[in-house]
Amino acid sequence: MKFLAITNVFLTIILFSSTLGAHFRFTNFKCISLDPEFAVVKECILKMVRRSVVGINFHIAIKYSQPINKIEFNLSIFRKSNMYRLFLVNHTIDFCYYMRRPEQYPIFYMFHDSLMAATNANHSCPYTEKDIYVKKMTFNDKTLKDLLSFLPVGEYKLVVSVGAFGVWRLQVNLFGVRD
Ligand SMILES: *[C@@H]1O[C@H](CO)[C@@H](O)[C@H](O)[C@H]1NC(C)=O
Ligand SMILES: *[C@@H]1O[C@H](CO)[C@@H](O)[C@H](O)[C@H]1NC(C)=O
Ligand SMILES: *[C@@H]1O[C@H](CO)[C@@H](O)[C@H](O)[C@H]1NC(C)=O
């Protein structure tokens, strides 16, 4: 009995520390405006948030003069093996619909709280802001737990394409390593 109990504690510690040890770190971040008359990238960098943790910093200036109430949002996850190959999803959602019922899309919802905590675009449509930013965004515990549950060790690229009124306007590429 005693032996079992100790083994259990031991196993728990090993499992726990391996979950804690496994993590996902951002290595590069690139943003491309596909339509500078619609949106201009002002900032797109990874910055140190705390020791050994970098966060996403992103700022776009919207040049479009009307409120934006039609947004397409597309996520693809690539894994590197010589080159980046599509690993998971490649899915376009109606972002305005999504923001009203985010839990309906688990793959996108996985990132929801991490993103909403860091952006001023944390509300439903329409968007009237002339500046949209993301500041010091990191993946919170829930995002990491969900993400790490199905991502094998490796190098990844997450590509988010954002469209408005049916035209792709912006592409954001986040590179990271799961180790
Ligand atoms: C994603 O899906 C679209 C439409 O089905 C396709 O045209 C595109 O090539 C796919 N992207 C990748 C990276 O496979
Ligand atoms: C995802 O977005 C890209 C634009 O970057 C587009 O070419 C592709 O068709 C989209 N995928 C789907 C499934 O709509
Ligand atoms: C959205 O973020 C701003 C700070 O950027 C905050 O003041 C506001 O309360 C947030 N709104 C919601 C609905 O979380």
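Each value, and the rule that gives it
Residues numbered from 1 in each chain as written. Chains lettered and ligands numbered in written order. Predicted model: local features only at pLDDT ≥ 70, side-chain atom pairs only at ≥ 80, totals over all residues. Pairing = 2+ DSSP bridges. Helix = DSSP H or I, 4+ residues; strand = E, 2+ residues; numbered from the N terminus. Core = buried A, V, L, I, M, F, W, Y, C linked by C-beta atoms within 7 Å. Buried ≥ 20, exposed ≤ 12 C-beta atoms within 10 Å, placed from the backbone. Contact = placed C-beta atoms within 7 Å. Axes fitted to C-alpha atoms, helices over the stretch in contact; angles between N-to-C directions. Near = placed C-beta within 6 Å. Nonpolar A, V, L, I, M, F, W, Y, C, P; charged D, E, K, R; others polar.

For the protein, an unreviewed UniProt entry supplies the name MD-2-related lipid-recognition domain-containing protein and the organism Drosophila melanogaster.

Engineer: Hey, could you run me through the pairing of strand E7 (residues 154–164) in this one?
Structural biologist: The side chains of a regular strand alternate, residue by residue, between the two faces of the sheet. Inspection of the sheet shows strand E4 (residues 71–81) paired to E7 by 9 bridges, in the antiparallel sense. Among the inter-strand pairings, Arg79 is bridged to a residue of E7, identified as Tyr156. Sheet topology note: the E7/strand E8 (residues 167–178) ladder contains 11 bridges and is antiparallel. In the strand pairing of E8, Val160 is matched with Val172. A loop of 2 residues connects E7 with E8, the two strands running antiparallel in sequence, and Phe165 in this loop sits at a positive phi of about 55°.

Engineer: Can you walk me through the nonpolar core in this structure?
Structural biologist: Buried together is how nonpolar side chains tend to be arranged in soluble globular proteins. Residues Ile56, Val134, Leu158, Leu170 and Leu174 are the most contacted members of the largest nonpolar core, which totals 16 residues. Elements with a minimum of two residues in this core: strand E1 (24–33), strand E3 (53–62), E4, strand E6 (131–137), E7 and E8. Ignoring anything within four residues of it in the chain, the contact list for Ile56 reads Phe26, Phe29, Leu46, Val134, Met137 and Leu174. Core analysis: the second largest hydrophobic core is formed by 5 residues, Ile68, Ile71, Phe95 and Tyr127 among them.

Engineer: Help me understand the sheet that holds strand E2 (residues 39–50) in this model?
Structural biologist: The strands making up a sheet are joined through hydrogen bonds of the backbone, oriented either antiparallel or parallel. In space, the 3 strands of this open sheet follow the order E2-E3-E6, with antiparallel pairing throughout. Where the open sheet ends on each side, the last strands, each with one partner, are E2 and E6. Each adjacent strand pair in this sheet contributes to an overall mean axis angle of 10°, direction not counted.

Engineer: Quick question: what am I supposed to make of the site of ligand 2 here?
Structural biologist: The immediate surroundings of ligand 2 are formed by Asn74, Asn90, His91, Thr92, Ser161, Trp168 and Gln171. Listing elements by their share of the shell around ligand 2, those giving two or more residues are strand E5 (83–94) and E8. Take the shell around ligand 2: its biggest share by element is 3 residues, from E5. Looking at the shell around ligand 2 residue by residue, the class counts come to 1 nonpolar, 6 polar and no charged.

Engineer: Would you mind showing me how to read the environment of Arg50 here?
Structural biologist: Tracing the chain through its elements places Arg50 in strand E2. The class for Arg50 is exposed, based on 9 C-beta atoms found within 10 Å.

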